[in-house]
Amino acid sequence: MSRISEQLTTSDLEEIEARGRSQGHLSRAWSRLIRKRLAVVCIVVLLIVYLVGIFAPLLAPYKYTDQDYTALRQPPSAQHWAGTDLKGRDILTRTMWAIQNTIVITFVAMATGGLVIGVTLGLISGYFGGRVDSLIMRIGEVFSSFPDILLMILLAATIGPRVKDSVRWVEDNTFLDGLVSIGIADYFVISLALVSFGWIGMARLVRGQVLVLKETQHVEAAQSIGASTPRILFVHLLPNAISPIVVSVTMGMGTVVGAEIILSFLGLGIQPPRPSLGTMLYEAGSISALRVVPWMLITPGIVAWTLVLCWNLLGDSLNDVLNPRTR
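Here the structure is a predicted model, which is why all the values come from computation and not from measurement.

Parameters at a glance
Residues numbered from 1 in each chain as written. Predicted model: local features only at pLDDT ≥ 70, side-chain atom pairs only at ≥ 80, totals over all residues. Heavy atoms only, no water. Helix = DSSP H or I, 4+ residues; strand = E, 2+ residues; numbered from the N terminus. Buried < 20%, exposed > 50% of the residue type's maximum accessible area, 1.4 Å probe, protein only. Areas by Shrake-Rupley, 256 points an atom, 1.4 Å probe, with all protein chains shown as cover. Lys, Arg positive; Asp, Glu negative; His and termini not counted. Charge placed at Lys NZ, Arg CZ, Asp CG, Glu CD. Contact = heavy atoms within 4.5 Å. Phe/Tyr/Trp six-rings, centres within 6.5 Å; stacked < 30°, edge-to-face > 60°. Disulfide = S-S within 2.5 Å.

## Comments concerning the overall build of the chain
When helices and strands are counted, the chain shows 14 helices and zero strands. In sequence order, the chain lays out its α and β elements as α-α-α-α-α-α-α-α-α-α-α-α-α-α. Over its C-alpha atoms, taken along the principal directions, the chain stretches across nearly 85 × 50 × 40 Å. Put simply, the chain has 327 residues, and 43% of those count as buried. Element-wise, carbon and sulfur atoms account for 66% of the exposed surface of the chain, whose accessible area totals about 17200 Å². For the chain, the distance from the average position of its 26 positive side-chain charges to the average position of its 23 negative side-chain charges is 5 Å.

## As for the side chain of T102
Relative to the helices and strands, T102 is located in helix α4 (residues 91-128). Residue classification places T102 among the buried positions, given a relative accessible area of 1%. In this view, T102 contacts V257, E260, L277 and L307; residues no more than four positions away in its chain are not counted.

## With respect to the packing of aromatic side chains
Counted according to the given criterion, the structure contains five aromatic pairs. An aromatic cluster of at least three residues, connected via ring pairs, comprises Y50, F107 and W311.

## Topic: the environment of S134
Turning to its location among the elements, S134 is positioned in helix α5 (residues 130-144). Spatially, the C-alpha atoms of S134 and P230 are 20 Å apart, while their sequence positions differ by 96 residues.

## Notes on the state of the cysteines
For the structure on display, the rule yields zero disulfides. In this structure C42 is a free cysteine whose sulfur lies 4.4 Å from that of C310, the closest cysteine sulfur available.

## Remarks on the environment of L179
For L179, the position within the fold is in the loop between α6 (148-173) and α7 (184-198). L179 sits in the buried class, given a relative accessible area of 18%. For the pair L179 and W30, spaced 149 residues apart in the sequence, the C-alpha separation amounts to 41 Å. With sequence-adjacent residues up to four places away left out, L179 is seen in contact with V167, V170, E171, I184 and A185.

Taken by themselves, the reported measurements are silent on function.
Written out as structure tokens, the structure is:
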């Protein structure tokens, strides 16, 4: 009994020390990050843009469906700060609502695909190895052997109508109304397309970290006292692999934002009347629109460019902060 108690105490101490090192590492990384002016600027800009999108119902001067037939194709003015489009709709209002749609889709896609699925499969693959590792990695290689955006387009185009029919059936047979109009079907289709291919890179990254970490002493001590597999994976291994995960998620957000915009640009994303950055860029991207109403491209274009740029710059700064080789 004393020997078991001694082993348990040693394992607990090693676990506490590992957690302390992880927390201390993240604390030091945060202090280094806030000293980088570019990173701070990116964080502030992203917060402002996302807060505008979250509070779009309160901040937007008009409804995104409002049409002013007396102000068709009006340039920026005191009534419409970003101008109006070909149908007399306020561009600033529609951009705010488009940001909200981008927030929902990108965070759902990254949280489920990049984090939940990618991290879990990476932990399982690296820890168990053997056939489990081979199966997960071969599936990932099959997915990654095709162009991501092409398969996203095919997936969104094939399942989109079926999902909408299912949502309409739910509306007709239940007390739930307005599901299609608020974009539930579009959210699901785009998120599924992004999630289907967003887990591969994260799974490979986490697998590589686990292959190294599972040979450390505190993991072997946890195994020797009979710690459960979920505890080893999520308590002993995951906290020590958090730094590269943070960097990957941050840089991956820019990619997800860009992919969502491309799908909407191609007509496979958020459907009218709800606005999206991709749809607005598509409407303003024709030669005739650029000649007649060039301001239609300015506001959504700046917002889309800002989101992708800031996420990539923030990810690069986090890599400098968290990667020992780049300090």
